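The chain contents come next:
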Amino acid sequence: MAGPRLLNAIAGAVAAVDHLADGDMVSVVAFDTKPQVVVPVTTLSAGSRSRIREAIRGITLGGDTCISCGIEEAVSQFVQGSGRVNRMIVLSDGDATAGVRDVPGFRSLAQRARERGVAVTTVGVGVSYNQKIMGAIAQESGGGHYFIEDAQSLDRVFQAEAEQLRSTVAVNTEATIDLAPGVELEQVF
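Our subject in this report is the structure included herewith.

1. Points about the pattern of salt bridges
Any two side chains of opposite charge can pair, given that their charged atoms come close. The tally for this structure, following the rule as stated, stands at 5 salt bridges. For R49, the salt bridge is made with D22, and the minimal N-O distance between the two is 2.7 Å. Within this pair, whereas R49 is found in helix 2 (residues 46-57), its partner D22 is found in the loop between helix 1 (3-19) and strand 1 (25-31), the two being separated by 27 residues in sequence. Assessed through its relative accessible area of 11%, R49 is described here as buried. Across the salt bridge formed by E72 and R112, the nearest N and O atoms sit 3.8 Å from each other. Taken together, the residues span a long stretch of sequence, with E72 in helix 3 (residues 67-77) and R112 in helix 4 (residues 103-115) at a distance of 40 residues. Under the relative-accessibility criterion, R112 is labelled partly exposed at 42%.

2. Overview of the sheet that holds strand 3 (residues 86-92)
An order of 3-4-5 is seen for the 3 strands of this open sheet, with the pairing classed as parallel. The sheet is open, and its two borders are formed by strand 3 and strand 5 (145-148), each paired with just one other strand. The mean inter-strand angle of the sheet, taken between neighbouring strand axes irrespective of direction, is 20°. Where helix 5 (residues 131-141) meets the sheet, its contacts fall on strand 3, strand 4 (118-125) and strand 5, and the angle it forms with strand 4 comes to roughly 160°.

3. Let's talk about the state of the cysteines
Counting across every chain of the model gives 1 disulfide. Across the disulfide, C66 is cross-linked to C69 (sulfur-sulfur distance 1.9 Å). Because the sign of the S-S torsion sets the handedness, a value of about 65° for the bond joining C66 and C69 places this disulfide among the right-handed ones.

4. Things to note about a nonpolar patch on the surface
Together, I177, L179, V183, L185 and V188 make up a nonpolar patch on the protein surface, roughly 520 Å² of accessible area in all. Look at L185 and you get exposed, because its relative accessible area is 58%.

5. Some points on helix 5
With 8 of 11 residues buried, helix 5 lies mostly within the body of the structure. Within the span of helix 5, buried status applies to I133, M134, G135, A136, I137, A138, E140 and S141. Packed against the buried residues of helix 5 are helix 3, strand 3, helix 4, strand 4 and strand 5. The opening residue of helix 5, the one whose side-chain oxygen lies 3.1 Å from the backbone nitrogen of K132, is N130.

Reading guide: rules and limits
Residues numbered from 1 in each chain as written. Predicted model: local features only at pLDDT ≥ 70, side-chain atom pairs only at ≥ 80, totals over all residues. Heavy atoms only, no water. Salt bridge = Lys/Arg side-chain N within 4 Å of Asp/Glu carboxyl O. Helix = DSSP H or I, 4+ residues; strand = E, 2+ residues; numbered from the N terminus. Buried < 20%, exposed > 50% of the residue type's maximum accessible area, 1.4 Å probe, protein only. Pairing = 2+ DSSP bridges. Axes fitted to C-alpha atoms, helices over the stretch in contact; angles between N-to-C directions. Contact = heavy atoms within 4.5 Å. Disulfide = S-S within 2.5 Å. Patch = residues over 30% accessible without salt bridge, like charges linked within 9 Å, V, L, I, M, F, W, Y side chains within 5 Å. Areas by Shrake-Rupley, 256 points an atom, 1.4 Å probe, with all protein chains shown as cover. Polar contact = N/O pair within 3.5 Å; in protein donor to acceptor, adjacent residues only side chain to side chain.

In structure tokens form, the structure reads like this:
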């Protein structure tokens, strides 16, 4: 992602921070040839919000596109067992050119994220991104998948994701159901 697309992605990420509430936790990882933790796990507050925005505005990218490197680094940023909704948003306008490059590899990576309680929402920007890879990541991890024609539409995606996070009422919930005699469970969705 470079030029206007990078600037629009940065603007969208800054807007995402504005959609989150004080007390929410955020981390930002940029990736090209290797991942870079731009913002380590930080609790949002009036004071931290401006520092996070400035850190995001300082992102510059170059080199290859190691989507898997970014996901692996981002997953390591999440606090397991926190009782919080763990959501990662991955933006890409191209194809993976380093690290994992095939759909089965990304499915495995996404399954590991899901096992750690992290749902990965993917956003394909423009028509050059790899829909098979981005769709597989979202599907296997339990996240959403969006296609946007241009990076100027990112704010809409971030707003939708923030609303979904706010409407979540439970995580890692278990239900025990005792079936009546003679009743068989056929399928669970």
